[in-house]
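Here is what each chain is made of, one letter per residue.
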Amino acid sequence: MTIGTTQYVLVGALLAAIGCVGVLTRRNVLVILMSIELILNAVNINLVAFSRQWGQVHGQIFGLFIMADAAAEVAVGLALLIALFRNKATVHADEMDLLKW
Amino acid sequence: MPFLDTLWLVPLFPACGAFLIGMLGRRFSRRGVTTLCVGMPLAAFLWALGAVRELQHLPGRQFEQVLFAWLPSLTAASHSMGADVGLLLDPLSAVLVLLVTGVGLLIHLYSVGYMAREGGYYRFFGCLNLFLFFMLTLVLANNLLLLFVGWEGVGMCSYLLIGFWFKKHTARTAAMKAFLLNRVGDAGFLLGVLLLLRVFGTVRFTAMTQALTRHAAPVGLITAATLLLFWGVTGKSAQFPLFVWLPDAMEGPTPVSALIHAATMVTAGIYLLCRTHLLFQAAPHTMAVVAAVGAGTSLFAAAVALVQTDIKRVLAFSTISQLGTMFLACGVGAFAAGLFHVVTHAFFKAVLFLGAGSVIHALDGEQDLSRMGGLARFLPITTGCMGVATLAIAGIPPLAGFVSKDQILSAAWQASPWLWAVSWITAGLTALYMFRLYLLTFHGPARWATRHPAQQPHEAPGSMTVPLLILAGLSLVGGGLGWPASLGGANRLAGWLAPVLARTPEAAGSMGLMAVAVLLAMAAAGLAWVVYIRHPQLPRRWAARWPRFNYWLHEGGELDAAYTAVFARGLGKGGGARLARFDDAVVDRTVDLSGAVTRLAAQLAAWWDVWVVDGLWINGLAKLSVLIARPLLLLQSGRLQTYALLMVFGLGTFLLFYLLR
Amino acid sequence: MLAPVFFFCLFAGTAVLGALLVITLRNTMHCALALIVTLLAVAGLFVAAGAEFLAGAQVMLYVGGIMVLFLFVIMLVNLEREQQVPQTAPQWVLGLLAVLTLGGLLGVMLLRGTGRWPAAVTAIPAAVTGPGGNSERFSMELFQHNLLAFELVGLLLLIAMIGAVVLAKARGTRIEE
């Protein structure tokens, strides 16, 4: 057995799916944010796999950008969470429905 | 030409001030408001000064600048109707711009002291700056439509400032009265503008002038249009029959009365006449109307001013009278003389109002002449300035009022000795009531009482006396601007205005006219001294002898009562009875019949309405949309994860589509 | 020949296991720890694929930075009652179904596309590693051809930082329920 791009992409797909499940089923916003990190990591695995496939570093560079993006997203997301927690004393996504019709 | 090219900055400076105050007024400190709102007129004044200096060297002394097309839809295929935002600076508007910014600056400065202890400080200055912006727009506009914008804008500011103390009932009603009467006039103005647009196809002043000089204008239409314009002017410039708002406008703070209701806004009518003087000269009937209204108003208002007891109302009727004199000048074709009187009047009337404000300030809000007197000891500067201004308005040489009024009298003499006689008597009355005001306020026994006996009335702070002194100085020497040739002068103002307004030749024997006028003024001054200082019981005795006439005059000709009776109480109760019978017999029967028919039709329509329109169409549709909306409503849960779920579904659909393609 | 396979399977398995723990554990703190395991395993996968620099960045950025932030916030907002209430959202069945469908579709796509690229790349291409190693190659590419994007990402991070400060700053007002 050899390890090819297919296996990498398969791992990526698994991580992405698990992340999706996390986003959709958990109530805790913190866990949702972690799940989003999982999805972003799945993307990075794919990028690195294809970078290896085609023998170019562009994919890895893109991966770096995604990491920076993830950092920004986490920073803003957690700040939002803190602001929200201060106002409503909850970290549950389904209790945040102020925008409901 | 750095100043001319940026001429738009002149109105923009006060606009910026007004905007900043309007947006952030509360956040400014008093000092900040003062700096901003006095600095802006100062900047505008200096900028205008620079622009006028450059204008001197311009060939033709005319500078027109179109900033942008305001109403492009008013542009026909072949030519523009000129409804642009454009500025026109020529000798005529230059005089007014300098006057408005200069006097405006001084009155802003005065207000700093006058309003120091009032609430709404920033509101006052914001409105004052806004007024300057609209006034400058009015003066600098290169077309009638933009001028109308300024015209309405100053009216609005006048409304806001008359009602400045809006907690006072009389101030509110006075503001509303001014606004409504101005609306009556403005309707005529707008109709006139539209008619002129129809006649000339343009509202631009320069284009209209060209059209008028090139070929003969239709006299009938021009007469109608100018009459309509003059109708508007009688509203804004407080002429018969629309002048009744100006005396009540004195409810506003005194600096407002000085700036808006004496020096600048009310003279907008004279400016408009000068600006469109070619039109008016093409319509001799209108000119006759203007002269007659001006002469009549001036005589009447002067007589009314003689019996007023409120110091500011005396000055208000005096303003109406002086404006009438200016219109008389315009009506006989002496536009330059009229404009000259606008300038000198702005100087001395501003002094009179500001001095009156200073007196009111010193007496804790007292405005009744019968409770003043003997103030010369306590207010030496105010007394001196008021004295100079009184001499100026009375026409004592060589002060400013003498020179300008003499030119008007001379022009009136040339037109008709009757007009001269009317304005001559007006001048005498003017001297009489002004000396009455001056003597009753500052001389004779003191009839006032301060709130605390130990506290004496005292002179106002420097920010109030300095503008007063400057304006008094201008009233003293302002006549030099237009010193007539018969007295060895060159009439530089008329020379400066010559490219726009033709010079009026001086009457033969003008020296004689002058002498007669001066003699009358001096006699009136003497009479005032005798009647109001030596024998103060005389006026009361005369008033008792003709009580009805006295009351009529005191109420300003009872025009207010007439308007109330005619317009406010529904066109008369006397005719009501006869009308009622006609109403019962004819009108009501017709109404009843048509009512019955309507009822029948309505019942049919109602059935249709209830069952078909409402039932099937409106309610049916509404129910249908509710029915559709219910399930969709579930999707709109407001929850993050529902939306994420929908996103995943969307992504799945997308993938499915991709796979099945 | 077996070593790469072994390491791949080790890292991939750890990553998937950690991810499953992240979404199933009750305690948020435990979730975060599981996420750290996953992230480290992914870094291992990066190394196995020849992306050594990215692996280093992953360890430093994620495990060193982002996870610390997470832990900090967890300690800030963690509630006792959090352990007692249900941890799943009301529509969790629907969500699971949706994701399973999506996963199935992805699997189909993967199967269909398998033939499009060489099934196995056994050795890491020299181009990725390059002379002087992956880091040098990576940096050359990054700073020669992607400088503007790099700067823009820096700007993005700055904006995010300022935004986070503004959002998290204490304010007087409270939204009442």
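In this numbering scheme, every chain counts its residues from 1 along its sequence in written order. Each chain takes a letter, starting from A, and each ligand takes a number, starting from 1, following the order in which they are written. Selection of residues for local features in this predicted model requires a pLDDT of at least 70, selection of side-chain atom pairs for listing and counting requires 80 or more, and totals for whole chains, interfaces and linings are taken over all residues. Note that the side-chain values use all heavy atoms of the structure and ignore hydrogens as well as water.

### Here we look at the overall build of chain A
Phase 1: Within chain A, the secondary structure is distributed over 3 helices and 0 strands.
Phase 2: Numbering of helices and strands starts at the N terminus; helices are DSSP runs of H or I of at least 4 residues and strands are runs of E of at least 2. Written out in order from the N terminus, the α and β elements of chain A read α-α-α.
Phase 3: Using a 1.4 Å probe on the protein chains alone, a residue whose accessible area is under 20% of its type maximum counts as buried, one over 50% counts as exposed, and one in between counts as partly exposed. Counting the 101 residues in chain A, one finds 68% classified as buried.
Phase 4: Contacts between residues were defined by any pair of non-hydrogen atoms, one from each residue, lying within 4.5 Å. Taking the contacts inside chain A whose residues are at least 6 apart along the sequence as the reference set, 57% of them involve residues at least 24 apart.
Phase 5: Using a 1.4 Å probe, accessible areas were evaluated by the Shrake-Rupley method; residue-level cover was limited to the displayed protein chains. Here chain A has roughly 3200 Å² of accessible surface; of this, 72% comes from carbon and sulfur atoms.

### Focus on the overall build of chain C
Phase 1: For chain C, the count of helices and strands is 7 helices and 0 strands.
Phase 2: Reading chain C from its N terminus to its C terminus gives the helix and strand order α-α-α-α-α-α-α.
Phase 3: Taking all contacts inside chain C whose residues are at least 6 apart in sequence as the whole, residues at least 24 apart take part in 57%.

### A few points about the interface of chain A and chain B
When the parts of a complex come together, some accessible area is lost, and that lost area is often taken as the interface size.
Phase 1: Contacts between the two partners involve 13 residues from chain A, matched on the other side by 10 residues from chain B.
Phase 2: Basic side-chain nitrogens of Lys or Arg form a salt bridge, by our definition, when they fall within 4 Å of a carboxyl oxygen of Asp or Glu. One can count 0 salt bridges joining chain A with chain B.
Phase 3: Between N or O atoms, a polar contact is any pair within 3.5 Å; within protein, one atom must be a potential hydrogen donor and the other a potential acceptor, and residues adjacent in sequence are included only when both atoms are from side chains. At the junction of chain A and chain B, the tally comes to 2 residue pairs in polar contact (both at pLDDT 80 or more).
Phase 4: Among the elements that take part in the side of chain A that touches chain B, helix α1 (residues 5-25) of chain A stands out by supplying 3 residues, more than any other.

### Section: the pairing of strand β2 (residues 84-89) of chain B
Residues and elements named next belong to chain B.
Phase 1: Counting buried positions along β2 yields 6 of 6 residues, so the element is predominantly enclosed.
Phase 2: The alternating pattern of β2 places Asp-84, Gly-86 and Leu-88 on one face and Val-85, Leu-87 and Leu-89 on the opposite face, and all of these are buried.
Phase 3: Two strands pair when backbone bridges link them, and strand β1 (residues 63-69) and β2 are joined in this way by 6 bridges, in the antiparallel orientation. Following the sheet pairing, Val-66 is matched in β2 by Gly-86. When DSSP finds at least two bridges between two strands, those strands are taken to pair.

### What about the packing of helix α17 (residues 380-394) of chain B against helix α20 (residues 462-477) of chain B?
Residue and element names in this part refer to chain B.
Phase 1: In this analysis, axes come from line fits to C-alpha atoms, helices being fitted only over the stretch in contact, and the angle between any two N-to-C directions falls in the range 0 to 180 degrees. Interhelical geometry of α17 versus α20 gives an angle of 30 degrees and a closest axis separation of 9 Å. In terms of orientation, α17 lies roughly parallel with respect to α20. For the element pair α17 and α20, the recorded crossing hand is left-handed. Contacts between α17 and α20 pair Ile-381, Thr-382, Cys-385, Val-388 and Ala-392 from the former with Thr-465, Leu-468, Leu-469, Ala-472, Ser-475 and Leu-476 from the latter.
Phase 2: The residue classification treats Ala, Val, Leu, Ile, Met, Phe, Trp, Tyr, Cys and Pro as nonpolar and Asp, Glu, Lys and Arg as charged. All others, Gly included, are polar. Taken together, the residues of the contact of α17 with α20 break down into 8 nonpolar, 3 polar and no charged. Working definition: roughly parallel below 35 degrees, roughly antiparallel above 145 degrees, roughly perpendicular at 65 to 115 degrees, and oblique for all remaining angles. Crossing chirality is assigned from the near helix's rotation relative to the far helix, an anticlockwise turn below a right angle marking it left-handed and a clockwise turn marking it right-handed.

### Observations concerning the packing of aromatic side chains
All names here are of chain B.
Phase 1: Stacked, tilted and edge-to-face are the three classes assigned to paired rings of Phe, Tyr and Trp, where Trp is represented by its six-membered ring and a pair needs centres within 6.5 Å; plane angles under 30 degrees give stacked, over 60 edge-to-face, the rest tilted. Counting across every chain of the model gives 24 aromatic pairs over all chains.
Phase 2: Between the aromatic rings of Phe-3 and Trp-47, the centroid separation amounts to 4.9 Å while the plane-to-plane angle is 75 degrees, which identifies the pairing as edge-to-face. In this pair, Phe-3 is assigned in helix α1 (residues 2-5) and Trp-47 in helix α3 (residues 30-56), connecting sequence segments 44 residues apart.
Phase 3: The class for Phe-3 is partly exposed, based on a relative accessible area of 28%.

### Some details on the pattern of salt bridges
Residues and elements named next belong to chain B.
Phase 1: Summed over all chains, the structure comprises 9 salt bridges over all chains.
Phase 2: A salt bridge links Glu-251 to Lys-168; the nearest nitrogen and oxygen atoms lie 3.2 Å apart. Of the two residues, Glu-251 sits in the loop between α10 (245-248) and α11 (254-263) while Lys-168 sits in the loop between α6 (144-162) and α7 (169-200), which places them 83 residues apart along the sequence.
Phase 3: The class for Glu-251 is partly exposed, based on a relative accessible area of 23%.
Phase 4: Residue classification places Lys-168 among the partly exposed positions, given a relative accessible area of 39%.

### Remarks on the interface of chain A and chain C
Phase 1: With 74 residues of chain A in contact, the opposing surface of chain C contributes 88 residues.
Phase 2: Buried surface at the junction of chain A and chain C, both sides included, amounts to about 7200 Å², of which 75% is carbon and sulfur.
Phase 3: Inspection of the chain A/chain C interface yields 0 salt bridges.
Phase 4: It is helix α3 (residues 58-88) of chain A that provides the largest number of residues to the side of chain A that touches chain C, a total of 25 residues.
Phase 5: Among the residues making up the side of chain A that touches chain C, the classes are represented as 44 nonpolar, 21 polar and 9 charged. The buried area of a pairing is the accessible area, by a 1.4 Å probe, that goes missing from both parts when the two are put together, added over both.

### Things to note about helix α7 (residues 147-168) of chain C
Phase 1: For α7(C), with 22 residues, the first-to-last C-alpha span of 32 Å sits near the 32 Å given by 1.5 Å per residue.
Phase 2: Along α7(C), the residues that are buried comprise Val153(C), Ala160(C) and Ala164(C). The buried residues of α7(C) occupy an angular sector of 35 degrees when the element is viewed end-on, so they sit on one face. Away from its buried face, by an angle of more than 90 degrees, α7(C) presents the exposed residues Leu148(C), Ile159(C), Val165(C) and Val166(C).
Phase 3: Those residues of α7(C) hidden inside the fold are in contact with α3 of chain A. One fewer than the residue count of a helix, multiplied by 1.5 Å, yields its expected span. Our arc is simply the arc of the directions from the helix axis toward the C-beta atoms.

### A closer look at the side chain of Thr202(B)
All names here are of chain B.
Phase 1: Residue placement: Thr-202 occurs in the loop between α7 and α8 (205-214).
Phase 2: Accessibility expressed as a relative area gives 7% for Thr-202, which makes it buried.
Phase 3: A distance of 3.1 Å separates a polar side-chain atom of Thr-202 from the backbone nitrogen of Arg-204.

### With respect to the packing of helix α18 (residues 400-415) of chain B against helix α22 (residues 510-534) of chain B
Residues and elements named next belong to chain B.
Phase 1: Two elements in contact, α18 and α22, have axes separated by 10 Å at closest approach and are oriented at 120 degrees. Comparing their axes, α22 and α18 come out oblique. Note on packing geometry: the crossing formed by α18 with α22 is right-handed. Contacts between α18 and α22 pair Phe-402, Asp-406, Leu-409, Ser-410 and Trp-413 from the former with Leu-513, Met-514, Ala-517 and Val-518 from the latter.
Phase 2: Its residues assigned to classes, the contact of α18 with α22 comprises 7 nonpolar, 1 polar and 1 charged.

### With respect to the side chain of Ser51(A)
Phase 1: Examined against the element boundaries, Ser51(A) turns out to sit in helix α2 (residues 29-54).
Phase 2: Looking at Ser51(A), its side chain comes within polar contact range of the side chain of Gln60(A), at 3.3 Å.

### Looking at the environment of Gly252(B)
Residue and element names in this part refer to chain B.
Phase 1: Looking at the secondary structure, you find Gly-252 in the loop between α10 and α11.
Phase 2: Gly-252 sits in the buried class, given a relative accessible area of 2%.
Phase 3: Sequence separation of Gly-252 and Ile-162 is 90 residues, and the distance between their C-alpha atoms is 4.0 Å.
Phase 4: For Gly-252, the contacting residues outside a window of four places in its chain are Leu-161, Ile-162, Trp-165, Ser-257 and Lys-312.

### So, helix α6 (residues 133-145) of chain C
Given 3.6 residues per turn, any residue in an α-helix points the same way as the ones three and four places further on.
Residue and element names in this part refer to chain C.
Phase 1: An ideal rise of 1.5 Å per residue puts 18 Å on 13 residues; α6 measures up with 18 Å between its terminal C-alpha atoms.
Phase 2: By the burial criterion, the buried members of α6 are Asn-134, Phe-138, Glu-141 and Leu-142. The buried residues of α6 occupy one face: seen down the axis, they fall within an arc of 95 degrees.

### Remarks on unusual backbone geometry
Residues and elements named next belong to chain B.
Phase 1: In this structure, Pro-241 follows Phe-240 across a cis peptide bond, with omega equal to 5 degrees.
Phase 2: With respect to the helices, strands and loops of the structure, Pro-241 is situated in the loop between α9 (219-236) and α10.
Phase 3: With a phi angle near 50 degrees, Arg-61 is a residue other than glycine that sits in the positive phi range.
Phase 4: Here Arg-61 is to be found in the loop between α3 and β1.
Phase 5: We note that Ala-238 has phi near 55 degrees; this positive angle belongs to a residue other than glycine.
Phase 6: By relative accessible area, which is 0% here, Ala-238 ends up buried.

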